[in-house]
Amino acid sequence: MKLVVAIVHHEDARALVDALLDREFRATKLSSSGGFLKQSNGTVLLAVEDDAVDEVLGIVRETCRSRTQVVNPMPPIMEPGEFFMPYPLEVEVGGATVFVLPVERFERI
Ligand code: 2BA
């Protein structure tokens, strides 16, 4: 058994959980935020049999799209008389960042 952890854009998280439920996968959605952009994203957890991992990754690919976001860099600490021109920076976020971990034991009590 494997634990799939998918970090996705918050706009895709709901659609991903719905698509997983449609194919009878149980999933948990957590609200999270990215360390770099400090913006909300969604983390979807699901434990599945090993032979279902590829199907789950296919669902993630179908439902999560990449986006370009603009970040305004923080100004550095400045000395008097110094000048900083903050150029916005474009970063490409997702589709999804996915981790697949081995599950030692799984119980529903
Ligand atoms: P954030 O940390 O907010 O990162 C958003 C996007 O900013 C990243 O997209 C990447 O394009 C860019 N980025 C992140 N750190 C950067 C840096 N040090 N320098 C330049 N650009 C940087 P994704 O790679 O698609 O990541 C989307 C979200 O997935 C991340 O949001 C974070 O919440 C999570 N994530 C990505 N890699 C991870 C990892 N190795 N471990 C844990 N979470 C991760």
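Fair warning: this is a prediction, and the values are worked out from it, not measured in the lab.

Colleague: Can you lay out the overall build of the chain for me, pointing to particular residues and giving the numbers?
Modeller: A tally of regular secondary structure across the chain gives two helices and six strands. Secondary structure elements in the chain, listed N-terminal to C-terminal, are β-α-β-β-α-β-β-β. Dimensions along the principal axes, computed over C-alpha positions, put the chain at roughly 65 × 25 × 20 Å. Relative to all contacts within the chain whose residues are 6 or more apart in sequence, the contacts with residues 24 or more apart total 68%.

Colleague: Could you give an account of helix α1 (residues 10–22), with specific residues and numbers?
Modeller: Given 3.6 residues per helical turn, the α-helix brings residues three or four places apart onto the same face. Relative to the 18 Å expected for 13 residues at 1.5 Å per residue, α1 spans 19 Å between its end C-alpha atoms, a close match to the ideal helical length. Inspection of α1 places Asp12, Ala13, Leu16, Val17, Ala19 and Leu20 among the buried residues, and these make up the whole buried set. When α1 is viewed along its axis, its buried side chains cluster within an angular range of 165° and face the same direction. Counted as exposed and oriented over 90 degrees from the buried face of α1: Glu11, Arg14 and Asp22. The elements touched by buried residues of α1 are β1 (2–9), β2 (28–33), β3 (40–48), α2 (53–63) and β4 (67–71). Among the residues trailing α1, Glu24 stands out with phi positive, at a value near 65°.

Colleague: Give a description of the sheet that holds β1 that names residues and reports values.
Modeller: Reading across the sheet, the four strands line up as β2-β3-β1-β6 and stay open at both edges, with antiparallel pairing between neighbours. If you trace the sheet from one side to the other, it starts and ends with β2 and β6 (96–102), each paired once. Sheet twist, expressed as the mean angle between neighbouring strand axes with direction ignored, is 20°. The pairing of β1 with β6 spans seven bridges and is antiparallel. Within the sheet, the bridge partner assigned to Val4 lies in β6 and is Val100. Where α1 meets the sheet, it contacts β1, β2 and β3, and its direction lies at approximately 140° from that of β1.

Colleague: Please provide a residue-by-residue account of a nonpolar patch on the surface, values included.
Modeller: A cluster of nonpolar side chains, namely Phe83, Met85 and Tyr87, defines an oily patch on the protein surface of about 420 Å² accessible area. You can see Met85 is positioned in the loop between β4 and β5 (89–93).

Colleague: Report on the nonpolar core, specifying residues and quantitative values.
Modeller: Leu16, Leu20, Phe25, Leu46, Val48 and Val56 are the most contacted members of the largest nonpolar core, which totals 19 residues. Sorting the residues of this core by element identifies β1, α1, β3 and α2 as the ones contributing at least two each. The contact partners of Leu46, leaving out residues within four places of it in the chain, are Lys2, Leu3, Val4, Leu20, Phe25, Arg26, Ala27 and Val56.

Analysis parameters
Residues numbered from 1 in each chain as written. Predicted model: local features only at pLDDT ≥ 70, side-chain atom pairs only at ≥ 80, totals over all residues. Heavy atoms only, no water. Helix = DSSP H or I, 4+ residues; strand = E, 2+ residues; numbered from the N terminus. Contact = heavy atoms within 4.5 Å. Expected span 1.5 Å × (residues − 1). Buried < 20%, exposed > 50% of the residue type's maximum accessible area, 1.4 Å probe, protein only. Arc of directions from axis to C-beta. Pairing = 2+ DSSP bridges. Axes fitted to C-alpha atoms, helices over the stretch in contact; angles between N-to-C directions. Patch = residues over 30% accessible without salt bridge, like charges linked within 9 Å, V, L, I, M, F, W, Y side chains within 5 Å. Areas by Shrake-Rupley, 256 points an atom, 1.4 Å probe, with all protein chains shown as cover. Salt bridge = Lys/Arg side-chain N within 4 Å of Asp/Glu carboxyl O. Core = buried A, V, L, I, M, F, W, Y, C linked by side-chain atoms within 4.5 Å.

The quantities given are spatial measurements derived from coordinates; they are silent on function.
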